[in-house]
Amino acid sequence: EMKKYKIAIIGATGAVGRAMTDILNHRPFPIESVVPFASERSRGKKIKIQNHEYECETLRPGCFDGVDFAFFDVSDELSK
């Protein structure tokens, strides 16, 4: 069986984040789960990826624990 991955999308509700979501919805990427991160005003917004809904969270210490891949679409300062 193919390994599945836990993915984080930082900036999930922005233009590039939505494009990443669209790519994941149209490619057979093996996803175990997704943690979408967004600004405080988007916290709780639901994002659908590969027929599963995930709720946006805000960044916090330890939020990347167990994440295999993290896709960033935020400012350089926030990425640091």
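Chains are numbered independently. Their residues run from 1 in the order of the written sequence. Given that this is a predicted model, residues contribute local features only at a pLDDT of at least 70 and side-chain atom pairs are listed and counted only at 80 or more, while totals for whole chains, interfaces and linings are drawn from all residues. To get the side-chain values, all heavy atoms of the structure are used, and hydrogens and water are removed first.

S.K.: Is there a simple way to think about the packing of aromatic side chains in this case?
M.R.: Two numbers describe a pair of aromatic rings. These are the distance of the centres and the angle of the planes. Note on aromatic contacts: the rings of Phe and Tyr and the six-membered ring of Trp form a pair at centre separations within 6.5 Å, being stacked when their planes are under 30 degrees apart, edge-to-face when over 60 apart, and tilted otherwise. Inspection of the entire model under this criterion finds 5 aromatic pairs. Ring geometry for Tyr 5 against Phe 29: centres 5.9 Å apart, planes inclined by 40°, an arrangement best described as tilted. Of this pair, Tyr 5 sits in strand E1 (residues 5–10) while Phe 29 sits in the loop between helix H1 (15–26) and strand E2 (31–37); the two residues are 24 residues apart in sequence, bridging distant segments of the chain. Plain terms: the ring middles of Phe 29 and Phe 69 are 5.9 Å apart, the flat faces sit at 75° to each other, and that makes the pair edge-to-face. Within this pair, whereas Phe 29 is found in the loop between H1 and E2, its partner Phe 69 is found in strand E5 (residues 69–72), the two being separated by 40 residues in sequence. A relative accessible area of 36% places Phe 69 in the partly exposed class. Chaining the aromatic ring pairs together yields one cluster made of Tyr 5, Phe 29 and Phe 69. Helix and strand assignments come from DSSP, with helices taken as H or I runs of at least 4 residues and strands as E runs of at least 2, each series counted from the N terminus. Exposure classes here rest on a 1.4 Å probe applied to the protein chains alone. A residue is buried below 20% of its type maximum, exposed above 50%, and partly exposed in between.

S.K.: Honestly, the side chain of Thr 21 in this entry has me stumped. Any pointers?
M.R.: Mapped onto the secondary structure, Thr 21 falls in helix H1. Contacts were defined at the residue level, with two residues in contact if any of their heavy atoms lie within 4.5 Å. Not counting residues within four places of it along the chain, the set of residues in contact with Thr 21 comprises Ile 9, Ile 47, Lys 48 and Ile 49.

S.K.: Could you clarify how one ought to interpret the confidence of the model for the protein chain in this entry?
M.R.: When pLDDT drops low, the exact placement of atoms in the prediction is not to be read closely. pLDDT measures how confident the predictor is about each residue, on a scale from 0 to 100. For the protein chain, the average pLDDT comes to 92, and 94% of its residues sit at 70 or higher. For the protein chain, the element scoring lowest by mean pLDDT is helix H2 (residues 76–79), at 67; strand E4 (residues 52–55) scores highest, at 97.

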